[in-house]
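Spelled out, the chains give:
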Amino acid sequence: MLKNTFYLALFTLIAWGTYHLSKPTNTPPDLFFDGLFFENVIGHVDRITQGPRAVGDYFHQDVQHYIIDQLQQMGLQVVRHRSISYHPKNKRAAPVANVMATIPGSDPSRPALMLMAHYDAARFAATGAGDDASGVASILEAANAHIKTKRQATNNIILLFTDAEEIGLLGALAFVNERLANQDIGLIINLEARGTSGPVMMWPETQGGNRAMIEAFAAANVPLPVTTSLHYEIYRQLPNDTDLTPFNQLGGINGFNLAFIDGHYHYHTSEDNLANLSLDTLAQQAIQTHSLLKHFADLDLRTMKSSESLVYFTIPLLGLVSYPIVFNWVLLGLIALFWLIGALSSNRSMASGQRNLLARIWPLLLSALLAYGICWLLLWLIAWWVPVTQDVMQGFPYQGHAMMLACLVAAGIITFAVYAALNPKNRHQQLLMAVMWWWLMLLPLVYHLPGAGLLIWPVLLASVLLLTGPLWPRMTEQLAPVMAVLSWLLMGSILINLPIAMGVDALPLTAVLLAWLLALMVYLISPMKGVWQALVMLAIPVLYLVAEMVRQAPISEDQPHPTSLSYLYDHDQQTGHYYNYDVTFSGWHDDLFANPVSAADRQQFSQQYRKPVRHLAQLDQPIALPPIGVTLQPPLRQQQRRAFQLRLNAHGNSQLLDIYATAPMTIHRLAIEGRLAVLPEPLKIQAGQRWLQYHFDNKKELVLNLEIELDDPVAWQLQTHSYDLLEQAAYGLSARPPHQIQKPFIASDNAVVVQSFAFDFDQ
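Asks: Requested: an account of the pattern of salt bridges, with residues and values cited.
Replies: Enumeration according to the criterion identifies 18 salt bridges in this entry. The closest approach of N and O atoms between glutamate 308 and arginine 211, which form a salt bridge, is 2.8 Å. Within this pair, whereas glutamate 308 is found in the loop between α10 (279-296) and β10 (310-315), its partner arginine 211 is found in helix α7 (residues 211-219), the two being separated by 97 residues in sequence. Look at arginine 211 and you get partly exposed, because its relative accessible area is 27%. Measuring nitrogen to oxygen at the nearest pair gives 3.5 Å for the salt bridge that ties arginine 647 to glutamate 701. With arginine 647 in strand β17 (residues 641-649) and glutamate 701 in strand β23 (residues 701-709), this residue pair connects regions lying 54 residues apart in the sequence. Through salt bridges that share partners, Arg211, Glu215 and Glu308 make up one connected network.

Rendered as structure tokens:
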């Protein structure tokens, strides 16, 4: 039992250690690094986060002017790129104002280096210290440090601060569509964040292979690099984009993303502020930005494209390791060879060997099943015990780190117990089965996702023991801990990053990965004297989790409850409803839902207005709100299509307009405020689908020009949002208590006016 406990504790320490060694610690605010003053970075973040800065917010334009002022103080000529941008995928549009400046290089004929971050923030009372004031601040100070050296770089250095990223990459998309043709850009370094702490991770976005990019990144000698090709493979499978994506996909420009993702529970909330932003993380981002600028400012960026790709990963304190993808198959071939030698040397009878191998599959399956089950059960119990955790919509609640530690340690204990109980003697046969299992999984995985080749290494290290086990058992006992430690140095931080990146719901699957990883370390597992030993060990992480849940109050001013409240007035039916998206009642205006509607009525409301609400109440005396003004200019008939102009006049407090089609339609041409939207193909809009979400700035009049099919009806539902629900006296609503914040990712604190609009062209 002591030996098993020792190894479990060791693996836990290695995993947490490699994660925390990936970033600096105890960073002083007055840090000076190679010409970069960290105090300036902090000062920029402080200034940028003085107020909400979503498109249309009062502080948005102030931050734009602050960035322009800082660039002009550096002696740079500033260009402000204004446009109306429409994204044909998410159907969102807004007026945007990108800010750009160029540091001239000595050879303007060479492709330029671009540093990019977005200066807007999410519309959830968020000041966006991490997302993305940190990126703006890092670029400003890195550029300032470079200019103060008075050394002219070879390449032009473009500084681009994009707008409306949070709405759907609208500023970047507008720049690509309207300005990119006038720029010769060889490489982009894009700064992002999805939290307030954690190591800064790099992943490239490339056209073709990544070899040139990874080799150039390695040559830059970036301090404390954190990256793996496995992370990029996962990123590619998820519906995540950054401002770099349109440059890469539409413009064919390669680039690096630098981002941090821990402290995810602060993401897109008012808690994403300077007080919660890790100075260690901010320093790592600023220093890495500075280092990359220095390196790529003189590198010939025409060499940044290649057809080949590499598998790559970083090891804390050692740096970046990379090799060609074809090497994946060499390693898999070695594993197959080692497995075959190990199987032949341990079984004189092939028939008995096959029977023994098949018998060894049960520990693999049972340990994975139990590891998944214990994690799922713990998460279910927490959701039942502390249901407020389900209102943290980022997927990683305030107690997420404790949940992650308890679940994964419990999964490790169960795996050790299963292997110790089912057959603790013939460990060589168990390892043969584990290596074969991994090899069969890795074959299709690395074929479809070559960057996942990192996962081959723990299997290769374990397969070495298949060679030594039958011949030199004593040496194998001594070699097994070394191989296990090397595997954990590679995999430990990945097991932590997976649930941080994908949320605690990914813990059960992470536990399965952990169980199968530990199966490769079966030589370290000692027999247990009875089930009670496993239960005693299992009680440790469970009690730790209970203690942490009790110690950390589920809700406090430091860990506020995300809540929502909205009012919808249907102008056609003259009905009013209060609704929210909260799993639990918070004590704030719960009385509004004292007489909720039936489940059937709630479902009908959700379908009619496209809002998946959880609590809904209809007012006996609705608060009437005026509709938006809509006028349609008589259409001009064409041979196959109908073109017309729509003019909408919103009220002074309107900030958002949604337009849904109530009948199918096809949009061939769309112009917003005279700016023609770039449509790769006609927009086929289904009934009930939104075809426009427009974010207003100070201008509340909107002019749309459309071209549709002749037989397409104009039958729409318009929803106008104003985010002043708590400020308007007519509602009589109090402000949130200090231990609550506005819920992110959904429209809240808003009054919505719904109206129908239809036009009969035959009349």
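Asks: Go over a nonpolar patch on the surface with me, naming the residues and quoting the values.
Replies: Where nonpolar side chains cluster on the molecular surface, the patch consists of Tyr372, Trp376, Leu377, Trp380, Leu381, Trp384, Trp385, Leu509, Val546 and Val550 and spans about 1,100 Å² of accessible area. Where the nonpolar patch is concerned, the elements lending two or more residues are α13 (361-385) and α19 (531-551). Per-element tally for the nonpolar patch: the top contributor is α13, with seven residues. For leucine 377, the location among the structural elements is in helix α13.

Asks: I'd like to hear about the nonpolar core, residue by residue, with values.
Replies: Phe11, Val435 and Trp488 are the most contacted members of the largest nonpolar core, which totals 103 residues. If you tally residues by element for this core, the top one is helix α14 (residues 400-422), at 15 residues. When near neighbours in sequence (up to four residues on either side) are disregarded, valine 435 contacts Ile335, Trp339, Val459, Ala462, Ser463, Leu466 and Leu520. One finds Phe59, Val63, Met74 and Ile103 within the second-largest nonpolar core, a separate group that totals 65 residues.

Asks: Describe empty space enclosed by the protein, naming the residues involved and giving the relevant values.
Replies: Enumeration over the complete set of coordinates arrives at four cavities of 30 Å³ or more. A volume near 190 Å³ is recorded for the largest cavity. Surrounding the largest cavity, 16 residues form its lining, Thr12, Ala15, Leu408, Val409 and Trp488 being those nearest its centre. Residue assignment for the lining of the largest cavity shows that the elements contributing at least two residues are α1 (2-20), α14, α17 (473-502) and α18 (507-519).

Asks: Go over the environment of threonine 476, please, and point to the residues and values.
Replies: Mapped onto the secondary structure, threonine 476 falls in helix α17. Separated by 10 residues in the primary sequence, threonine 476 and leucine 466 have C-alpha atoms spaced 8.9 Å apart. Excluding anything up to four places from it in sequence, threonine 476 contacts Leu465, Thr468, Gly469 and Tyr523.

Asks: For the layout of surface pockets, give the residues involved together with the corresponding values.
Replies: Roughly 540 Å³ of internal volume is contained in the second largest pocket. Lining the second largest pocket are 19 residues, with Leu230, Ile234, Leu455, Leu498 and Leu513 sitting closest to its centre. Secondary structure elements with two or more residues in the lining of the second largest pocket: α8 (229-237), α15 (427-448), α17 and α18. If one sorts the elements of the lining of the second largest pocket by residue count, α18 sits on top with five residues.

Asks: Just give me the short version of the packing of α13 against α15, but keep the residues and values in it.
Replies: Helices that pack against each other are described as a pair by the angle of their axes relative to one another and the distance between those axes. Two elements in contact, α13 and α15, have axes separated by 8 Å at closest approach and are oriented at 65 degrees. Where α13 approaches α15, its residues Ile361, Leu364 and Leu365 are matched on the opposing element by Met433, Ala434 and Trp437. Taken together, the residues of the contact of α13 with α15 sort by class into six nonpolar, no polar and no charged.

Procedures and definitions
Numbers given to residues run from 1 along each chain, matching the order in which its sequence is written. Residues qualify for local features only when their pLDDT is at least 70, as the model is predicted, and side-chain atom pairs are given and counted only at 80 or more; totals for whole chains, interfaces and linings, by contrast, use all residues. Note that the side-chain values use all heavy atoms of the structure and ignore hydrogens as well as water. What makes a salt bridge here is a side-chain nitrogen of Lys or Arg within 4 Å of a carboxyl oxygen of Asp or Glu, nothing more. Each helix corresponds to a stretch of at least 4 residues labelled H or I by DSSP, and each strand to a stretch of at least 2 residues labelled E; elements are numbered beginning at the N terminus. Working definition: with a 1.4 Å probe on protein chains only, accessible area under 20% of the residue-type maximum means buried, over 50% means exposed, and in between means partly exposed. The residues that make up patches have over 30% relative accessible area and no salt bridge, and they are joined within 9 Å when like-charged or within 5 Å when they are Val, Leu, Ile, Met, Phe, Trp or Tyr. A 1.4 Å probe and the Shrake-Rupley method give the accessible areas. Residues count as covered only by the protein chains that appear here. The term nonpolar core refers to a set of buried residues drawn from Ala, Val, Leu, Ile, Met, Phe, Trp, Tyr and Cys, joined through side-chain atoms within 4.5 Å. Every residue pair with non-hydrogen atoms within 4.5 Å of one another is taken to be in contact. Here the term cavity refers to a set of points on a 1 Å grid, laid over the protein atoms alone, in which a 1.4 Å probe fits but cannot get out; the term pocket refers to an open set having protein on both sides within 12 Å along at least five of seven lines, with lining residues being those that place an atom within 4 Å of a point. Grid points are joined across faces, edges and corners, and a volume is the space filled by probe spheres set on the points. Axes here mean lines fitted to C-alpha atoms, for a helix over just the part in contact, with angles spanning 0 to 180 degrees between N-to-C directions. Basically, the charged four are Asp, Glu, Lys and Arg, the nonpolar ten are Ala, Val, Leu, Ile, Met, Phe, Trp, Tyr, Cys and Pro, and anything else, Gly included, counts as polar.

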